Amino acid sequence: MSDKLYNVGKIVNTHGIRGELKILSQTDFPELRFVKGSKLILVEPESGKQVIAQVEQAREHKGMFITRFKEWDNINQVEQYKGWLLKVGEENLADLDEDEYYYHEILGCSVVTAGGEKLGQITEILTPGANHVWVVKRPKGRDLLLPVIDDVVLEVDVENKQVTVELMEGLLE
């Protein structure tokens, strides 16, 4: 098993009595992660205990994935996994096009303007519609919601964990 694991979802609840789980997707590739035959690593957040499971079937429902794993077919078997994280090993990461990034590469990046002003750190990635929105935690004041579009995001340096942006009028209040 890989040393480095990457988050792809979180089990938020059970669904029905046949061992299905409600999963909040935290991946840009749900079509790869929640397809029949996909192997996921379930990780208990407190202890780090790991269980490998294979997706038997999954369907999207109200922003979640209702997923049944090959290993379980009963609510009593899966109840214990509520709150667990779903991860994949580094060897299962998909190749990205240029100017595409994994969540783990963006989260924690510091954000600066083209003029060198430090704005804060990216703490969350929202996917409301046409483009992603990066939530930037500011040292003072409210969080900055940064639309991930070419006019705003000028450069992403994943090596140095820094994003350079050009703020559009109205973004900073």
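Each remark here, short or long, concerns the structure printed above.
Residues numbered from 1 in each chain as written. Predicted model: local features only at pLDDT ≥ 70, side-chain atom pairs only at ≥ 80, totals over all residues. Heavy atoms only, no water.

Colleague: Looking at this structure, how should I read the pattern of salt bridges?
Modeller: Opposite charge on two side chains permits them to pair, given that their charged atoms come into close proximity. Summed over all chains, the structure comprises 4 salt bridges. Glu-20 is paired through a salt bridge with Arg-59; the nearest N and O atoms lie 2.9 Å apart. You can see Glu-20 sitting in strand E2 (residues 20–25) and its partner Arg-59 sitting in strand E4 (residues 50–61), a full 39 residues away along the chain. Taking the shortest distance from any N to any O, the salt bridge between Glu-56 and Lys-36 comes out at 3.3 Å. Note that Glu-56 is positioned in strand E4 and Lys-36 in the loop between helix H1 (30–33) and strand E3 (39–43), a separation of 20 residues in sequence. A residue is classified by how much of its surface remains accessible, and Glu-56, at 22% relative accessible area, is partly exposed. (Salt bridge = Lys/Arg side-chain N within 4 Å of Asp/Glu carboxyl O. Helix = DSSP H or I, 4+ residues; strand = E, 2+ residues; numbered from the N terminus. Buried < 20%, exposed > 50% of the residue type's maximum accessible area, 1.4 Å probe, protein only.)

Colleague: Please explain the environment of Val-135 as it appears in this structure.
Modeller: As for its position among the elements, Val-135 is in strand E9 (residues 133–137). C-alpha of Val-135 to C-alpha of Leu-145: the two residues are 10 residues apart in sequence and 4.9 Å apart in space.

Colleague: Just checking my understanding: could you explain the packing of aromatic side chains for this structure?
Modeller: Here a ring pair, both rings aromatic, is described through the centre-centre distance and the interplanar angle of the planes. Inspection of the entire model under this criterion finds 4 aromatic pairs. With a centroid separation of 4.8 Å and an interplanar angle of 40 degrees, the aromatic rings of Trp-72 and Tyr-81 are classed as tilted. Plain terms: the ring middles of Tyr-81 and Trp-84 are 4.8 Å apart, the flat faces sit at 90 degrees to each other, and that makes the pair edge-to-face. (Phe/Tyr/Trp six-rings, centres within 6.5 Å; stacked < 30°, edge-to-face > 60°.)

Colleague: What exactly am I supposed to notice about the pairing of strand E7 (residues 110–113) here?
Modeller: Strand residues, when the strand is regular, have side chains that alternate between the two faces of the sheet. One ladder, built from 3 bridges, connects E7 with strand E8 (residues 118–126); its direction is antiparallel. Within E8, the residue paired with Val-112 across the bridge is Lys-118. Judged from the 4 bridges that link them, E7 and strand E12 (residues 162–165) form a sheet pairing that is parallel. Each residue of the ladder has a partner; that of Thr-113, found in E12, is Val-165. (Pairing = 2+ DSSP bridges.)

Colleague: In this structure, what is going on with the pairing of E2? I would like to understand it.
Modeller: Pairing of strand E1 (residues 5–15) with E2, which is carried by 6 bridges, proceeds in the antiparallel orientation. Bridged to Asn-13 within E2 is Lys-22. Connecting E1 to the antiparallel partner E2 that follows it, the hairpin turn spans 4 residues, and Gly-16 within it adopts a positive phi of roughly 70 degrees. As defined by bridge partners, E2 adjoins strand E5 (residues 64–69) across 4 bridges and the pair is classed as antiparallel. Within E5, the position partnered with Glu-20 by the bridge is Arg-68.

Colleague: Got a minute to help me understand the sheet that holds E1 in this structure?
Modeller: Two orientations exist for strands paired in a sheet by backbone hydrogen bonds: parallel and antiparallel. On the basis of which strands lie adjacent, the closed barrel formed by 6 strands has the order E1-E2-E5-E4-E3-E6 and antiparallel pairing. Between one strand and the next, the sheet's axes are offset by a mean angle of 50 degrees, whatever the strand orientation. (Axes fitted to C-alpha atoms, helices over the stretch in contact; angles between N-to-C directions.)

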